[in-house]
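Structural features, examined
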Amino acid sequence: MALPQVSVRLAFLFSALGLLTASASTSINGANGLAVSVDSTGSYDVSTTNGWHFSGNIGKPLANVAATAGIDATGHFSQIDFDFQTDAPRHASIRAYWDQPAVLFSSTVNAAAANSFSFPTFTTYPRGLNHIAFSGVFANPTFTALPSESPWAFFDAHGSTFVLSPAANFMVADLTQPTALSIASSIDGQIASLPQGFTHQTLLVTGEGIGATFGVWGQTLTNLQGKTRPANDADTSLAQLGYWTDNGGTYYYHTEGSKSYQDTLLAVKAAFDAAQIKLGYLQLDSWFYPKGPAADWSNGAYGFFEYEAAPALFGSGLSSFQQQLGVPLITHARWIDASSPYRQEYQVSGNVATDPAYWDYAASYLQAAGVATYEQDWLVGPAIPNFNLTDPEAF
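This write-up is about the structure you can find in this document. Keep in mind that what you see is a predicted model, and the values were worked out from it rather than measured. (Residues numbered from 1 in each chain as written. Predicted model: local features only at pLDDT ≥ 70, side-chain atom pairs only at ≥ 80, totals over all residues. Heavy atoms only, no water.)

What about the packing of helix H4 (residues 261-274) against helix H5 (residues 318-325)?
Put simply, the rule reads: What counts as an axis is a line fitted to C-alpha atoms, over the stretch in contact for a helix, and the angles between N-to-C directions run from 0 to 180 degrees. By the criteria applied, helices consist of DSSP H or I runs no shorter than four residues and strands consist of E runs no shorter than two, each listed in order from the N terminus. If an angle is under 35 degrees, it is roughly parallel; if it is over 145, roughly antiparallel; if it lies from 65 to 115, roughly perpendicular; otherwise it is oblique. Should the near helix be turned anticlockwise from the far one by less than a right angle, the crossing is left-handed, and should it be turned clockwise, the crossing is right-handed. Whether two residues touch is decided by their heavy atoms; if any such pair falls within 4.5 Å, the residues are in contact. Side-chain classes follow a simple rule in which Ala, Val, Leu, Ile, Met, Phe, Trp, Tyr, Cys and Pro form the nonpolar group, Asp, Glu, Lys and Arg form the charged group, and the remainder, Gly included, forms the polar group.
Contact geometry of H4 with H5 gives a least axis separation of 10 Å together with a crossing angle of 25°. Judged by the inter-axis angle, H4 sits roughly parallel to H5. Crossing handedness for the pair H4 and H5: right-handed. On H5, the residues that touch Gln262, Leu265, Leu266 and Lys269 of H4 are Phe321, Gln324 and Leu325. The class makeup of the residues in the contact of H4 with H5 is 4 nonpolar, 2 polar and 1 charged.

Let's talk about helix H7 (residues 356-368)
Note the threshold: A helix is expected to span 1.5 Å multiplied by its residue count minus one. Exposed residues in this analysis have more than 50% of their type's maximum accessible area, buried residues have under 20%, and partly exposed residues fall in between, with area computed by a 1.4 Å probe over protein chains only. The arc under discussion is defined with respect to the helix axis, by the directions toward the C-beta atoms.
Over its 13 residues, H7 runs 18 Å from end to end, which matches the ideal 18 Å to within 8%, given 1.5 Å per residue. Among the residues making up H7, those that are buried are Tyr358, Ala362, Tyr365 and Leu366. Angularly, the buried residues of H7 cover 95° about the axis, an arc narrow enough to put them on a single face. Among the exposed residues of H7, those oriented more than 90 degrees off its buried face are Pro356, Asp360, Gln367 and Ala368. Two residues or fewer past H7, Gly370 is found with a positive phi of approximately 75°.

Points about the sheet that holds strand E7 (residues 76-85)
To be explicit about the condition: Two strands make a pair as long as DSSP finds a minimum of two bridges between them.
Taken in spatial order, the 9 strands of this open sheet run E6-E7-E8-E9-E19-E15-E14-E12-E13, and their pairing is antiparallel. For this open sheet the edge positions go to strand E6 (63-71) and strand E13 (140-142), each flanked by a neighbour on one side alone. For this sheet, the mean inter-axis angle between neighbouring strands, taken without regard to orientation, is 20°. Relative to strand E19 (residues 199-208), strand E15 (residues 160-166) runs antiparallel, the two sharing 7 bridges.

So, the pattern of salt bridges
As a reminder, the rule being used: Think of a salt bridge as a Lys or Arg side-chain nitrogen and an Asp or Glu carboxyl oxygen that are within 4 Å of each other.
One pass over the structure, following the stated rule, counts 3 salt bridges. For Arg95, the salt bridge identified is with Asp72, shortest N-O distance 2.8 Å. Pair noted here: Arg95 is in strand E8 (residues 89-97) and Asp72 is in the loop between E6 and E7, with a separation of 23 residues, a long-range link. Its relative accessible area of 17% is what places Arg95 among the buried residues.

Section: the side chain of Thr255
Threshold: In protein, a polar contact means a hydrogen-donor-capable atom and an acceptor-capable atom, both N or O and within 3.5 Å, with residues adjacent in sequence counting only if both atoms are side-chain atoms; elsewhere, any N or O pair within 3.5 Å suffices.
When you line up the elements, Thr255 lands in the loop between strand E20 (242-243) and H4. One polar contact links the side chain of Thr255 to the main-chain carbonyl oxygen of Lys259, over a distance of 3.1 Å. Once you skip the residues sitting within four places of it in the chain, Thr255 turns out to touch Ser260, Tyr261 and Thr264.

With respect to the packing of aromatic side chains
The following threshold applies: Working definition: rings of Phe, Tyr and Trp (its six-membered ring) pair if their centres are within 6.5 Å, and the pair is stacked with planes under 30 degrees apart, edge-to-face with planes over 60 apart, and tilted otherwise. Two limits define a charge over a ring: the Lys NZ or Arg CZ must be within 6 Å of the ring centre, and within 35 degrees of the ring normal.
If you walk through the whole model with that rule in mind, you get 40 aromatic pairs. Ring centres 5.7 Å apart and planes at 90° place the aromatic pair Trp359 and Tyr374 in the edge-to-face group. Taken as a pair, Trp359 in helix H7 and Tyr374 in strand E25 (residues 371-376) lie far apart in primary sequence, 15 residues in all. Overall, Trp359 belongs to the partly exposed group, its relative accessible area being 25%. Above the face of the Phe77 ring, Arg95 is positioned so that its terminal group lies 3.8 Å from the ring centre. Positioned over the ring face of Tyr125 is Arg127, at 4.2 Å from the centre of the ring.

Concerning unusual backbone geometry
In this model, Phe119 is joined to Pro120 through a cis peptide bond whose omega is 0°. Inspection of the secondary structure puts Pro120 in the loop between strand E10 (113-114) and strand E11 (121-122). The omega torsion across Gly381 and Pro382 is 10°, close enough to zero to call that bond cis. Turning to its location among the elements, Pro382 is positioned in the loop between E25 and helix H8 (391-394). Unlike most non-glycine residues, Tyr253 shows phi in positive territory, near 55°. Inspection of the secondary structure puts Tyr253 in the loop between E20 and H4. The class for Tyr253 is partly exposed, based on a relative accessible area of 22%. Despite not being glycine, Ala295 shows a phi value in the positive range, around 50°. Inspection of the secondary structure puts Ala295 in the loop between strand E21 (281-284) and H5.

Right, dumping it as structure tokens:
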């Protein structure tokens, strides 16, 4: 006799959460009046209180459409799950958070499949907005292009904003415009197939104010990845004044007169001391290690032969020099040269090591030498792994 009462209570709870299914459409609610609906015909829609709609269609009928509620690292959410068949059986979900205007889209292949499906693909989304993305070697902002490797932020004259980005598989994920009137999230087309159980996720965040919306987007991403955001001054290079010998610096592959490199940099430290300016660290750029098949520190055309200080420059070792200097070091790194013995000693993908044993070796060497920060350069290439689903993430 208690069952009807339980059913009424559950109905009331699910109604309050926006989880009741009416006809062939299932709806849920999120923060700030955001609403999500999924129709069994394959269409899906995200709407906001300012009248924006983000809509698309799977192109296939849906099965097992169900609304649930739960909690993850970002907070409480409502979610619609559904199954469908394209060239392979697939499962997808749309998750709306209760306390953040954020929506998480997930798509999983239930069997090995071609990389041929994008989710979400919005054929309806706010038009005529300004946009900002980031592109190039140093991720410069652009207000004209929409590069595939960047998050995309769109905003109107009043600051109403939405940000779209991958939420997983960052090294191989793309945002694209399949047509002039659509935007999509997918795995890069260079990857032909996906293994059984592979899941990709995409994050949509809406809000008022460009900076505020970016803030919610960033916090949601770090929450989902289980990351704790450090303080702005947590790193030595951000907390203290330092001296750099990188490209454009006075002592980039160059010493002071006839002085050795060690004497040149010890003189730099002495000059700071004489001026009563506290030097917090000193950076050693790519000149400090041997490069190329000849293991020559001065040949800037190659990757490193070994990731250790060149004996010709630091005869007593990097640790001895750092102790004389008296401040922590930041050390630069290129890529592993084709001639390096590391290619026989460790697992290497492309021109970088994906072998934890290599990184244990490198970190132990640097720690013993008083190095505070390892600086991996050339990440736009050649210091990149093979482009696949595993090696970029392993690196």
